[in-house]
Amino acid sequence: MNFYSQIRRQFGFREEEDYYSAVLLDQLLANNYDDYTEELRNLIRGKTVAVVGAGPNLEQVEYLDEDVIISSDGATNYLVSKGIKPDVIVTDLDGITVYPKNSIYVVLAHGNNTEYLISKFPFISDRKLIGTCQVFPFGRLKLFGGFTDGDRAVVLASLFQAKAIRLYGMDFDSGIVGKYSKPYYENNLPASWIKKNKLKIAKHVVEEVFNKTL
Ligand SMILES: Nc1ncnc2c1ncn2[C@@H]1O[C@H](COP(=O)(O)OP(=O)(O)OP(=O)(O)O)[C@@H](O)[C@H]1O
Ligand SMILES: Nc1nc2c(c(=O)[nH]1)N=C(CO)CN2
Ligand SMILES: [Mg+2]
């Protein structure tokens, strides 16, 4: 069974919903479509890359001196509030409420974010977009690997041959979700069963990347 089928079984996600969402994102991308994958590859190749997550330790970040900054979803809101502009934003669109210009947005379609795709797409429709999915990729969609926004960012950095990858705001083990994870959180909070298990998978993916390639 493939990686995503196993995850769907573990969480009870439905494959057809992942496909509906993917079809929707593919169609949203149809207007003035441009493929920014090569631009992303050129941006990352040979560079030091900071990958920033939305863990409770995110607020320790005051500045970043890596060549390239990749923020994962909700972490973008914190970085922008500190005047740090991410070069790349990896998102399923349920965390970001700011939409910096000139960043490359790597947007995921999954079975649980169709309403965000619809409501948030107007805010990013004129940005540099790369659509991704967690089913067999088709049309304008790509599948680079990984699961949560944070570990998919690490997979991207590795796939596009970053010289080094440094992690910030990543805390897979404490069972605490950072308040920047969702716009409606006021404080850090204990992780639900599903979030704990999402973070377990994220940790596993990140470890695989670091053990195999770095
Ligand atoms: N303790 C943590 N709390 C929240 N995010 C974390 C933590 N540690 C690492 N991260 C990483 O930060 C990323 C960004 O967080 P965010 O909650 O916005 O992501 P997400 O993948 O959209 O999650 P969700 O499925 O809850 O929507 C996560 O995808 C995860 O990989
Ligand atoms: N169907 C489905 N897929 C996902 C989900 C989710 O909640 N539902 N969350 C993800 C990242 O956190 C990634 N993929
Ligand atoms: Mg999200």
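Values in this document were obtained by computation on a predicted structure and should not be read as measured data.

Conventions adopted
Residues numbered from 1 in each chain as written. Chains lettered and ligands numbered in written order. Predicted model: local features only at pLDDT ≥ 70, side-chain atom pairs only at ≥ 80, totals over all residues. Heavy atoms only, no water. Phe/Tyr/Trp six-rings, centres within 6.5 Å; stacked < 30°, edge-to-face > 60°. Helix = DSSP H or I, 4+ residues; strand = E, 2+ residues; numbered from the N terminus. Lys NZ or Arg CZ within 6 Å of the ring centre and 35° of its normal. Salt bridge = Lys/Arg side-chain N within 4 Å of Asp/Glu carboxyl O. Buried < 20%, exposed > 50% of the residue type's maximum accessible area, 1.4 Å probe, protein only. Near = heavy atom within 4 Å. Polar contact = N/O pair within 3.5 Å; in protein donor to acceptor, adjacent residues only side chain to side chain. Areas by Shrake-Rupley, 256 points an atom, 1.4 Å probe, with all protein chains shown as cover. 1 Å grid on protein atoms, 1.4 Å probe; cavity = no way out; pocket = protein on both sides within 12 Å on 5 of 7 lines; lining within 4 Å. Sits in = over half its atoms within 2 Å of the grid points. Nonpolar A, V, L, I, M, F, W, Y, C, P; charged D, E, K, R; others polar. UniProt positions renumbered as here; feature names shortened; annotations may be inferred. Donors = N, O, S within 2.8 Å, 3.2 Å for Na, K, Ca; no water.

*Asks:* Residues and numbers for the packing of aromatic side chains, please.
*Replies:* Taken as a whole and judged by the stated rule, the model has eight aromatic pairs. Between Tyr78 and Tyr180 the ring centres are 5.2 Å apart and the planes differ by 65 degrees, which places this aromatic pair in the edge-to-face class. Of the two residues, Tyr78 is situated in helix α4 (residues 75–81) and Tyr180 in the loop between β7 (176–177) and β8 (189–190); the sequence distance between them amounts to 102 residues. An angle of 75 degrees between the planes, with centres 5.5 Å apart, marks the rings of Phe144 and Phe160 as edge-to-face. With Phe144 in the loop between β5 (128–133) and α6 (149–159) and Phe160 in the loop between α6 and β6 (164–168), this pair connects stretches of sequence that are 16 residues apart. Here Arg140 stacks its cationic end above the ring of Tyr33, 6.0 Å away from the centre of that ring.

*Asks:* An account of the pattern of salt bridges is requested, with residue identities and associated values reported.
*Replies:* Applying the stated rule across the entire model yields 16 salt bridges. Here Glu17 makes a salt bridge to Arg14, at a shortest N to O gap of 3.4 Å. Note on Arg14: relative accessible area 43%, which makes it partly exposed. When salt bridges that share partners are traced, they join Arg8, Glu15 and Asp18 into one network.

*Asks:* So what's going on with the site of ligand 1? Which residues, and what values?
*Replies:* The immediate surroundings of ligand 1 are formed by 25 residues, with Asp94, Asp149, Ser181, Lys195 and Lys198 found nearest. Taking Lys182, its side chain carries an N or O atom lying 2.9 Å from an oxygen atom of ligand 1. Out of a free accessible area of 590 Å², ligand 1 has 96% covered by protein chains. For ligand 1, the cavity whose grid points lie within 2 Å of the majority of its atoms is the largest pocket. Elements that contribute at least two residues to the shell around ligand 1 include exactly α6, β7 and α7 (193–213). When grouped by side-chain class, the residues that make up the shell around ligand 1 number seven nonpolar, nine polar and nine charged.

*Asks:* I'd like a description of the UniProt feature "domain: 6-hydroxymethylpterin diphosphokinase MptE-like" (unreviewed entry) in the chain, backed by residues and values.
*Replies:* Using the residue numbers shown here, the UniProt feature "domain: 6-hydroxymethylpterin diphosphokinase MptE-like" (unreviewed entry) corresponds to residues 29–173. Split by type, residues 29–173 is 26% helix and 21% strand. Its first and last C-alpha atoms lie 36 Å apart.

*Asks:* Account for the site of ligand 2, naming residues and giving values.
*Replies:* Taken together, Phe13, Asp18, Leu108, His110, Gly111, Asn112, Gln134, Phe147, Thr148 and Lys198 make up all the residues around ligand 2. At 3.2 Å from a nitrogen atom of ligand 2 is found a side-chain nitrogen or oxygen belonging to Asp18. Within the side chain of His110, an N or O atom sits 3.5 Å from a nitrogen atom of ligand 2. Among the residues making up the shell around ligand 2, the classes are represented as three nonpolar, five polar and two charged.

*Asks:* Tell me about the coordination of the magnesium ion (ligand 3), and name the residues and values.
*Replies:* Within the first shell, the magnesium ion (ligand 3) binds the protein through Asp73 (OD), Asp92 (OD) and Asp94 (OD), at distances of 2.0 to 2.1 Å. Positions of the donor residues of the magnesium ion (ligand 3), expressed as sequence spacing, correspond to D-x18-D-x1-D. Placement of Asp73 in the loop between β2 (68–72) and α4 and of Asp94 in the loop between β3 (88–91) and β4 (104–109) is noted, with a sequence separation of 21 residues between them. Judged by relative accessible area, which is 4%, Asp73 ranks as buried.

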